[in-house]
Every structure is written in C-alpha cells, then in structure tokens.
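The chain contents come next:
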Amino acid sequence: MSPLRRLLVRALPLLLSVLLAGCGAAAAPDAPGTAERDVREAVAAWSRTPPAQLAGIPLEGWAYEVSAVSRSGDRATARAQLHYRLTGYDKAPAGSAREVRLSRDGGRWRVSGDGPAPGAPPELWDQGPVAVVRGAHSLVLGGGQDAGTLSAVAAEADRAVPAVSAGWPRPWAGRVVVLVPASLERMAQLLGRPAAEYRGMGAVTTGRVGAAAAPADRVVVNPEGWAELSGAGRGVVLTHEVTHVATRAATTARTPLWLSEGLADWVAYRGTATTPQQAAPALGRAVRGGGLPGALPADGEFAFGGDPEALARAYEGAWLACRLIASRWGDAVLVRLYERAGREPLASALEETVGGDPPGLTLAWQAALRQELGAP
C-alpha cells in the first residue's frame with residue numbers, strides 16, 4: 001500500500017467522526033421533539049397570569065392547554081384551549097379555542113400574541129378594552145359601552161335575580177354574568193352566528209344544558225335591540241334570560257323548548273299585571289283570524305333567523321301554556337313538571353304532575369287561547 005493510501009485510510013475515520021459530530025450539533029436545535037417542548041414551555045410560562053389589560057376582571061384558574069404545535073423556522077403556532085373562571089360566578093370553567101403565535105429570538109421561544117383559533121368565537125376582550133361593573137347579584141362586562149349603560153344593565157340584572165329565585169325555588173347560584181358588546185355585529189361574533197339571527201332581540205343566554213356542575217352561563221345583550229326596549233321590556237327580557245341560567249342544570253336535550261321558553265317568560269311576567277292580549281299580540285291576531293294552533297309549539301318553531309311573526313307566536317304560545325299550568329294546577333306543579341320533563345318523556349311527566357297527557361294539555365291550552373285572546 002502506498003504512503004498516500006495509508007494516510008487516507010488512517011484519516012478517513014477521523015474525518016467521518018468530525019462530519020457526524022458537526023451534523024449532530026447543527027440538528028439538535030431543530031429537533032422536532034425539542035422544539036415542540038420548548039414552545040409548550042414558552043406558552044406555559046407566558047400564560048401563568050392573565051394579561052395586564054384584564055386586571056379589572058375577576059379571573060381565576062387561567063391556563064392555556066396546548067393541543068398541537070406547528071413550526072416554520074423561527075416562527076411557531078400553538079393551538080390551545082383557554083380555561084378560566086370568573087371569581088365568585090363560575091362553578092365550572094369557561095374557555096375557548098385559541099391560537100398562540102411565537103417567534104424564536106436568541107435561541108428562546110417567546111409569545112408574540114394570541115387570538116381565537118380559526119373558526120372559533122372570540123372572547124369579549126378580543127374586541128377591545130373591557131369595562132367592569134359589579135352589582136349586588138351581577139357582574140357586567142362591557143366592550144365599548146359607557147359606564148351609565150353598564151350600570152343600568154347591572155341594576156336590571158339585580159332586580160331579575162330575586163324575581164327568578166321566587167319563580168324557580170330551587171338551588172342555583174343566585175348571580176349572573178352579563179356581557180354587553182359594542183354592537184349587534186360584535187354580539188354575533190361572540191356567539192359565532194350571523195348577526196341577522198339576533199336582530200331585534202334584546203339578549204340571549206349561552207351555556208350547556210344538563211350539566212352536573214353549573215356551567216359558565218353568560219347573558220349576552222344586543223345593544224341595538226336593548227336600546228329599543230322600554231324599561232318594562234328590559235326587565236322582562238333580562239328576567240327571561242336569567243331564568244335560563246337558573247334552570248340550566250334541570251334542562252336537558254329532552255326538555256321541550258315550549259316548556260323551557262314558556263317557563264322563562266312565565267317567570268318574567270309573574271307578578272306583573274301583563275295580560276295575554278298585551279303580551280301575545282302575534283298569537284292573538286292569528287287566533288282571531290281563525291288560525292288557532294293545532295299543537296303546542298314544536299322545537300323547530302323557536303329557531304332564530306326565520307319569520308319573526310311565527311317566532312313571536314311560538315314564544316307567546318309557550319308562555320300561555322305554562323301560564324295555564326300554573327294557574328290551573330299551581331306554580332309548584334309547573335316547576336315539578338319542568339324538572340321531570342328533563343329526565344323522562346313528556347307524557348310521563350304530565351301524568352305524574354297534572355294527571356293528564358299531551359293531547360289533553362293541548363285541548364286545555366287551545367280553549368284558553370280562545371278565551372283569553374278573544375277568538376270568535
């Protein structure tokens with residue numbers, strides 16, 4: 001073997017080891033597992049406390065749970081679920097799907113911002129600064145509303161809570177969170193639905209039905225619809241929505257919507273001098289015109305975004321059905337019917353509470369409509 005070949009043979013292992021070591025040193029920072037771990041740790045460190053601009057909101061349990069990380073060079077995105085509670089109001093966590101943006105500077109990952117995940121509704125603070133007003137039984141969070149408006153909403157909520165407790169004498173939190181966004185469009189963004197579905201409405205309630213622990217309900221005010229309401233109308237609307245908050249744990253997918261919406265209106269009108277002629281104008285016009293409903297309102301009749309006159313008739317008919325049950329069999333029977341209807345078929349619930357069945361209730365309801373709405 002020539003001296004040159006012997007030199008190459010001896011140098012080759014050393015050359016390979018140098019090359020391999022160099023490759024390993026370059027690859028380590030970009031190793032997928034290491035990068036993802038570093039991104040997750042950066043998100044965890046950043047999210048240990050809520051952002052400074054939310055200092056006025058009573059938050060606890062603030063945490064981002066990262067589900068996925070995607071990276072391109074010195075940029076990364078983390079998909080996460082935000083969890084938090086409003087102190088003194090939420091028994092179960094609220095939250096939303098988020099997208100956290102990060103960049104790498106000097107070998108360290110830093111969060112540059114976050115927002116709603118694609119397709120997910122925003123939080124109120126994503127829309128701008130949030131003002132906070134605390135009532136005796138309420139917490140009002142406003143985005144772009146003046147202090148006077150928010151204080152008036154809080155006062156109305158404080159009147160609604162005891163009225164609901166009187167009509168629904170079952171354990172519930174006895175307090176409510178109200179969100180007041182800047183516009184109808186921003187309200188719709190919070191709810192993840194088209195604005196047209198809420199046009200003309202004063203407020204709606206969010207939340208899951210049938211939860212073992214009370215979920216984090218929110219009453220969301222439509223500022224445009226709210227401004228068009230009279231003082232009495234605002235009281236009715238907010239009491240209706242707070243009733244949904246109070247009855248949430250007793251409400252399931254089995255509960256007929258006519259009973260859910262009718263009970264909420266019954267509580268809202270309870271103790272007032274409001275007559276069926278005053279509170280059921282759309283249904284009154286239909287009945288007097290020969291359009292007596294053939295059945296209690298079906299769930300589909302309560303869908304938003306359709307014929308407003310038909311929607312009004314459904315709500316009015318539901319209220320009058322619950323009003324009939326309370327007046328004929330008693331308030332306590334209506335409450336027990338509501339509880340049972342969430343756990344068993346309506347026919348069984350009616351048999352155990354009023355001693356009747358759906359056809360019998362429908363006939364009694366139709367007779368009441370003729371009498372109270374002035375049908376010929």
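Starting from 1, residues in each chain are numbered consecutively following that chain's sequence as written. Local features are withheld for residues below a pLDDT of 70 in this predicted model, meaning they are given only at 70 or higher, and side-chain atom pairs are given and counted only at 80 or more; totals for whole chains, interfaces and linings count all residues. The basis for every side-chain value is the complete set of heavy atoms in the structure, and neither hydrogens nor water enter the calculation.

Engineer: Account for the overall build of the chain, with residues named and values stated.
Structural biologist: Going along the chain from the N terminus, every DSSP run of H or I of four or more residues is numbered as a helix, and every run of E of two or more is numbered as a strand. Counting secondary structure elements, the chain contains 13 helices and 9 strands. With a 1.4 Å probe rolled over the protein chains alone, any residue whose accessible area is under 20% of its type maximum counts as buried; one over 50% counts as exposed, and the rest are partly exposed. In the chain, which comprises 376 residues, the share counted as buried stands at 44%. The protein chains shown are the only cover counted for residues, whose accessible areas, like all others here, come from Shrake-Rupley with a 1.4 Å probe. Accessible surface for the chain amounts to roughly 18100 Å². Of this, 55% is attributable to carbon and sulfur atoms.

Engineer: Which residues make up the packing of helix α7 (residues 257-269) against helix α11 (residues 331-341), and what values do they have?
Structural biologist: For helices, the fitted line uses only the C-alpha atoms of the stretch in contact; every axis is such a line through C-alpha atoms, and the angle between N-to-C directions lies from 0 to 180 degrees. Two elements in contact, α7 and α11, have axes separated by 11 Å at closest approach and are oriented at 150°. One element, α7, and the other, α11, form an angle in the roughly antiparallel class. Where α7 crosses over α11, the handedness of that crossing is left-handed. Contacts between α7 and α11 involve Leu259, Ser260, Leu263 and Trp266 from the first element and Asp331, Leu334, Leu337, Tyr338 and Ala341 from the second. The classification used treats Ala, Val, Leu, Ile, Met, Phe, Trp, Tyr, Cys and Pro as nonpolar, Asp, Glu, Lys and Arg as charged, and all other residues, Gly among them, as polar. Classifying every residue of the contact of α7 with α11 gives 7 nonpolar, 1 polar and 1 charged. By the definition adopted for this analysis, an angle is roughly parallel if under 35 degrees, roughly antiparallel if over 145, roughly perpendicular if from 65 to 115, and oblique otherwise. Crossing handedness is read from the near helix: turned anticlockwise from the far helix by less than a right angle, it gives a left-handed crossing, and turned clockwise, a right-handed one. Residue contacts are defined here by distance: any two heavy atoms, one from each residue, within 4.5 Å place the two residues in contact.

Engineer: Tell me what's going on with the packing of aromatic side chains, and back it up with residues and numbers.
Structural biologist: Each aromatic pair joins two rings of Phe, Tyr and Trp (for Trp, the six-membered one) with centres within 6.5 Å, and gets the label stacked for planes under 30 degrees apart, edge-to-face for over 60, and tilted for any other angle. Applying the stated criterion to the full structure yields 9 aromatic pairs. A ring pair is formed by Trp62 and Trp125, whose centres lie 5.9 Å apart and whose planes are at 45°; its orientation type is tilted. Here Trp125 lies in the loop between β4 (108-116) and β5 (131-134) and Trp62 lies in strand β1 (residues 59-72), a separation of 63 residues in the sequence. Following the ring pairs from residue to residue traces out a cluster consisting of Trp46, Trp62, Tyr64, Tyr84 and Trp125. The lysine or arginine in question, Arg328, covers the ring of Trp329, its NZ or CZ lying 5.5 Å from the ring centre. Our definition puts a charge over a ring when NZ of Lys or CZ of Arg is within 6 Å of the ring centre and also within 35 degrees of the ring normal.

Engineer: With reference to specific residues and values, describe the layout of surface pockets.
Structural biologist: Put plainly, a pocket is an open set of points on a 1 Å grid over the protein atoms alone with protein on both sides within 12 Å along at least five of seven lines, a cavity is a set where a 1.4 Å probe fits but cannot get out, and a lining residue has an atom within 4 Å of a point. Grid points are joined across faces, edges and corners, and a volume is the space filled by probe spheres set on the points. Considering only enclosed or pocket space, the largest pocket measures out at about 1400 Å³ in volume. Among the secondary structure elements, those contributing two or more residues to the lining of the largest pocket are β8 (203-206), α6 (231-247), α7, α8 (276-279), α9 (281-288) and α10 (308-329). For the lining of the largest pocket, the element with the most residues is α10, which contributes 7 residues. Along the lines of polarity and charge, the residues of the lining of the largest pocket split into 23 nonpolar, 16 polar and 10 charged.

Engineer: So what's going on with the side chain of Arg248? Residues and values would help.
Structural biologist: Among the structural elements, Arg248 can be located in the loop between α6 and α7. In this structure the side chain of Arg248 is engaged in a polar contact, spanning 3.5 Å, whose partner is the backbone oxygen of Thr206. Polar contacts here mean pairs of N or O atoms no more than 3.5 Å apart (in protein, one a potential hydrogen donor and the other a potential acceptor; neighbouring residues in sequence count only if both atoms are side-chain atoms).

Engineer: Describe the nonpolar core, naming the residues involved and giving the relevant values.
Structural biologist: Of all hydrophobic cores here, the largest spans 63 residues; its most connected members are Val178 and Trp258. With sequence-adjacent residues up to four places away left out, Trp258 is seen in contact with Leu263, Leu296, Pro297, Phe302, Ala318, Ala321, Cys322, Ile325, Leu346 and Leu361. Throughout this description, the term nonpolar core refers to a set of buried Ala, Val, Leu, Ile, Met, Phe, Trp, Tyr and Cys residues connected via side-chain atoms within 4.5 Å.

Engineer: How would you sum up the sheet that holds β1? Please name residues and give values.
Structural biologist: Pairs of strands are assigned from DSSP output, requiring at least two bridges between the strands. Strand order in the open sheet made by the 4 strands is β1-β2-β3-β4, with antiparallel pairing throughout. Edge positions in the sheet fall to β1 and β4, since each of these pairs with one other strand and no more. Across the sheet, the mean angle separating the axes of adjacent strands is 30° when strand polarity is ignored. Summarising the sheet, strand β3 (residues 94-105) and β4 pair through 8 bridges and their orientation is antiparallel.

Engineer: An account of α10 is requested, with residue identities and associated values reported.
Structural biologist: The span expected for a helix works out to 1.5 Å for each residue beyond the first. Compared with an ideal rise of 1.5 Å per residue, which puts 22 residues at 32 Å, α10 spans 32 Å between its outermost C-alpha atoms and is within 8% of the ideal. Two or three places before Glu309, at the start of α10, stands the capping residue Asp307, its side-chain oxygen 3.1 Å from that residue's backbone nitrogen. Once α10 ends, the next one or two residues include Gly330, with phi positive near 110°.

Engineer: Give a description of the packing of α6 against α7 that names residues and reports values.
Structural biologist: Contact pair α6 / α7: the axes reach a minimum separation of 8 Å and the direction vectors enclose 125°. Classified by the interaxial angle, the pair formed by α6 and α7 is oblique. In this structure, α6 crosses over α7, and the sense of that crossing is right-handed. In this structure, α6 uses Val236, Thr239, His240, Thr243, His244 and Thr247 to contact α7, whose residues at the interface are Ser260, Glu261, Leu263, Ala264, Asp265, Val267, Ala268 and Tyr269. When its residues are assigned to classes, the contact of α6 with α7 shows 6 nonpolar, 6 polar and 2 charged.

Engineer: Which residues make up the sheet that holds β8, and what values go with them?
Structural biologist: The strand order across the open sheet built from 5 strands is β5-β6-β7-β9-β8, with neighbouring strands paired in mixed fashion. Of all strands in the sheet, those bounded by a partner on one side alone are β5 and β8. The sheet shows a mean angle of 20° between the axes of neighbouring strands, taken without regard to direction. For strand β6 (residues 138-142) and strand β7 (residues 176-180), the ladder comprises 5 bridges, and the chain directions are parallel. Counted as the bridge partner of Leu139 is Val177 from β7.

Engineer: Describe the pattern of salt bridges, listing the residues and the values that go with them.
Structural biologist: The rule for a salt bridge is simple: a side-chain nitrogen of Lys or Arg has to be within 4 Å of a carboxyl oxygen of Asp or Glu. For the structure shown, the criterion picks out 15 salt bridges. One salt bridge connects Glu339 with Arg170, and the closest N-O pair in it is separated by 2.7 Å. Placement of Glu339 in helix α11 and of Arg170 in the loop between α3 (147-167) and β7 is noted, with a sequence separation of 169 residues between them. Assessed through its relative accessible area of 28%, Arg170 is described here as partly exposed. With a closest N to O distance of 2.7 Å, Glu197 and Arg193 form a salt bridge. The network of salt bridges with shared partners includes Arg98, Asp114 and Asp126.

Engineer: Please give an account of helix α13 (residues 358-372) that cites residues and values.
Structural biologist: With 15 residues, α13 extends 21 Å from end C-alpha to end C-alpha; this agrees with the ideal 21 Å at 1.5 Å per step. Within α13 the residues assigned to the buried category are Leu361, Thr362, Ala364, Trp365, Gln366, Ala368 and Leu369. Buried residues along α13 sit in contact with α7, α9, α10 and α12 (346-353). You can read the cap of α13 off the contacts: a side-chain oxygen lies 2.8 Å from the backbone nitrogen of Gly360, and it is on Asp357. Within two residues after α13, Gly374 carries a phi angle of roughly 75°, on the positive side.

Take it as geometry only, folks, not as evidence of what the structure does.
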